[in-house]
Amino acid sequence: MMTYAQILEAQKLAHGGDTSALEALMSEDFTWTSVSKSSLASQSRGRSEALEWFGSHEFDYESASAIVETPSAIVAEEVGSEKGIGRMACMIFYRIKDGQLAEMRHVRGDAP
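I will try to describe carefully the structure that is included in this document. Here the residue numbering is sequential within each chain, running from 1 through the sequence in written order. Only residues with pLDDT of at least 70 are given local features in this predicted model, and only at 80 or more are side-chain atom pairs given and counted; all residues enter the totals for whole chains, interfaces and linings. Side-chain measures here rest on the full set of heavy atoms in the structure, leaving out hydrogens and waters.

### Remarks on the packing of aromatic side chains
The geometry of an aromatic ring pair is captured by the separation of the ring centres together with the interplanar angle, meaning the angle of the planes.
Here's step 1: Aromatic pairs are defined between Phe, Tyr and Trp rings, using the six-membered ring for Trp, whenever the two ring centres lie within 6.5 Å; interplanar angles under 30 degrees are classed as stacked, those over 60 as edge-to-face, and all others as tilted. Taken as a whole and assessed by the stated rule, the structure comprises five aromatic pairs.
Here's step 2: Ring geometry for tyrosine 4 and tyrosine 94: centres 6.2 Å apart, planes at 45°, overall tilted. Of this pair, tyrosine 4 sits in helix α1 (residues 4–15) while tyrosine 94 sits in strand β5 (residues 86–97); the two residues are 90 residues apart in sequence, bridging distant segments of the chain. One exposure class covers both tyrosine 4 and tyrosine 94, and it is buried.
Here's step 3: Taken together through their ring pairs, the aromatic side chains of Trp32, Trp53 and Phe54 make up a single cluster. Counting from the N terminus, the helices are DSSP H or I runs at least four residues long and the strands are E runs at least two residues long. Only protein chains enter the accessibility calculation, which uses a 1.4 Å probe. A residue is then buried if its area is under 20% of the maximum for its type, exposed if over 50%, and partly exposed in between.

### With respect to the sheet that holds strand β4 (residues 73–82)
Here's step 1: Each pair of strands is called paired provided DSSP finds at least two bridges between the two strands. With respect to topology, six strands assemble into an open sheet ordered β2-β1-β6-β5-β4-β3, the strand pairing being mixed. Looking at which strands have only one partner, the edges of the open sheet turn out to be β2 (44–46) and β3 (59–69). Taking the axes of each pair of neighbouring strands and ignoring which way they run, one obtains an average angle of 20° across the sheet.
Here's step 2: Taken together, the nine bridges between β5 and strand β6 (residues 100–109) define a ladder with antiparallel strand orientation. Bridged to alanine 89 within β6 is glycine 109. An axis is simply a line fitted to the C-alpha atoms; with a helix, the fit covers only the stretch in contact. Between two such axes, the angle follows the N-to-C directions and lies from 0 to 180 degrees.

Right under this line is the structure:
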């Protein structure tokens, strides 16, 4: 079963420029949708666009935890700072299909 700890570690590596671990977790038809206004140029991205974004944006995590983890879905909360944007809080939904990340949806706002 894929865990949030695996996803988080892969995201941290990707924010440091090494997207290989995150890429290995993603399905070929992975989609990432921003439910709120974000630094994404459009609200929905495919696998290659998501990897490009992660590899080119720095994010410093203050806290990150799974709220729900099941074999088919993970819901997580992350607080941190994105370089050039500032401090924020994010709620993230990850859909897992056939052992891979199939979808990610997030909403972000001001951190408490």
